[in-house]
Amino acid sequence: MTFQSFLRALARFILKPLSFVPALIIMYCIYSFSAQEGTESSNLSFRVSHKVIATIDRALDLDLSDEQIKSGINKIHYYIRKTAHFSEYFLLAVSVSLPLYVYGIRGIWLMLTALILCSGFACLDEYHQLFVSGRVASGKDVLIDSTGALTGIVCTSIVGYILRKSVFEPIFHSRHFQSI
C-alpha cells in the first residue's frame, strides 16, 4: 500500500462517519422547535406568516390595510405551520439518505431505511411534545412529517440516479479512466 492510498483510506475512514453530522444538526433543530412552548411556537409561525403577507403586499404593490394583513395572516398561519413540518422532514430525509448512500445502501433499502428513521424520529418528536407546555402530540403532524420525508427520499434517489448515470458512469467508463 502506498502512502497516498493510505491517506485516501484514512480520509474515508474519518469522513464517512462525519457524513451523518448534517442529519444530527437537523434533528437537533427539529427537537429545539418542538421544545418551544405553545405560545412561543405559535408566535414564531405568526411572525413568519406576517413576513409572507408583507412580502406579497410589497411585491405585488397591493397596499393592504392592517385589517387585510391580519386576515391574510389568519388564513395562511395553519399552512405555514404544516409547511414547516413538511420542510423540516424533507431536509432531514435528504441529510439521512446521503450518508446511507455513502455507506452503500441503495434502492428500496435506502428508501425504507431512511423512511423508518425519519418517521420514527417524527413519532418520538410528537411524543416529546406531550411534555411541553401548550403543545400536544398529533398523528396528523406525523403523517405530514413522513410525507415530507418520503418526498425528500424520492428526490434524493432521483437526483442520485441521474448523477450516477449522466456524470459518474461516463467518467468511469471513459478510455482515460480505463487505461489507468
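The following refers to the structure shown. Fair warning: this is a prediction, and the values are worked out from it, not measured in the lab. Per-chain numbering applies: the sequence of each chain, read as written, is numbered from 1 onward. Local features in this predicted model are restricted to residues whose pLDDT is 70 or higher, and side-chain atom pairs enter the listing and the counts only when it is 80 or higher, whereas totals over whole chains, interfaces and linings include all residues. Hydrogens and water molecules were not included; the side-chain quantities draw on all heavy atoms of the structure.

**Looking at the side chain of Glu 126**
Applied cut-off: Only DSSP runs of H or I with at least four residues qualify as helices, and only runs of E with at least two residues qualify as strands; both kinds are numbered from the N terminus onward. Between buried and exposed lies partly exposed: a residue is buried under 20% and exposed over 50% of the maximum accessible area for its type, with that area taken using a 1.4 Å probe on protein chains only. The positive count covers Lys and Arg only, the negative count covers Asp and Glu only, and His and the chain ends enter neither. We define a salt bridge as a side-chain nitrogen of Lys or Arg found within 4 Å of a carboxyl oxygen belonging to Asp or Glu. Two N or O atoms count as a polar contact when they lie within 3.5 Å, although within protein this holds only if one can serve as hydrogen donor and the other as acceptor, and sequence-adjacent residues are included solely when both atoms are side-chain atoms. Residue contacts are counted whenever heavy atoms from the two residues lie within 4.5 Å of one another.
With respect to the helices and strands, Glu 126 occurs in helix α5 (residues 107-129). In this structure, Glu 126 is buried with no salt-bridge partner, the nearest side chain bearing the opposite charge being Arg 135 at 6.4 Å. One polar contact links the side chain of Glu 126 to the main-chain amide nitrogen of Ser 138, over a distance of 2.9 Å. Not counting chain neighbours up to four residues away, the residues in contact with Glu 126 comprise His 85, Val 136, Ala 137, Ser 138, Asp 141, Val 142 and Asp 145.

**Some details on unusual backbone geometry**
Of note, Asp 61 is a non-glycine position whose phi angle comes to about 55°, a positive value. Examined against the element boundaries, Asp 61 turns out to sit in the loop between α3 (38-59) and α4 (66-102). Residue classification places Asp 61 among the exposed positions, given a relative accessible area of 68%. A positive phi is found at Asp 63, a non-glycine position, where the angle reads about 55°.

**Observations concerning the state of the cysteines**
To keep things clear, this is the line we draw: When two cysteine sulfur atoms lie within 2.5 Å, the pair is treated as a disulfide.
Per the stated rule, a full pass over the model turns up zero disulfides. Free cysteine Cys 118: the closest other cysteine sulfur is in Cys 123, separated by 11 Å.

**So, the packing of aromatic side chains**
The condition that has to hold: For this analysis, a ring pair means two rings from Phe, Tyr or Trp (six-membered ring only for Trp) whose centres lie within 6.5 Å, classed as stacked if their planes differ by under 30 degrees, edge-to-face if by over 60, and tilted for the remaining angles. Sitting over a ring, as applied to charges here, requires NZ of Lys or CZ of Arg to be within 6 Å of the ring centre and within 35 degrees of the ring normal.
Evaluated as defined, the whole model comprises five aromatic pairs. With a centroid separation of 5.4 Å and 85° between ring planes, the pair formed by Tyr 78 and Tyr 79 is classed as edge-to-face. One cation-aromatic arrangement involves Lys 16 over Tyr 103; the distance from NZ or CZ to the ring centre is 4.7 Å. Here Arg 106 stacks its cationic end above the ring of Tyr 101, 3.7 Å away from the centre of that ring.

Keep in mind these numbers describe shape, not what the thing actually does.
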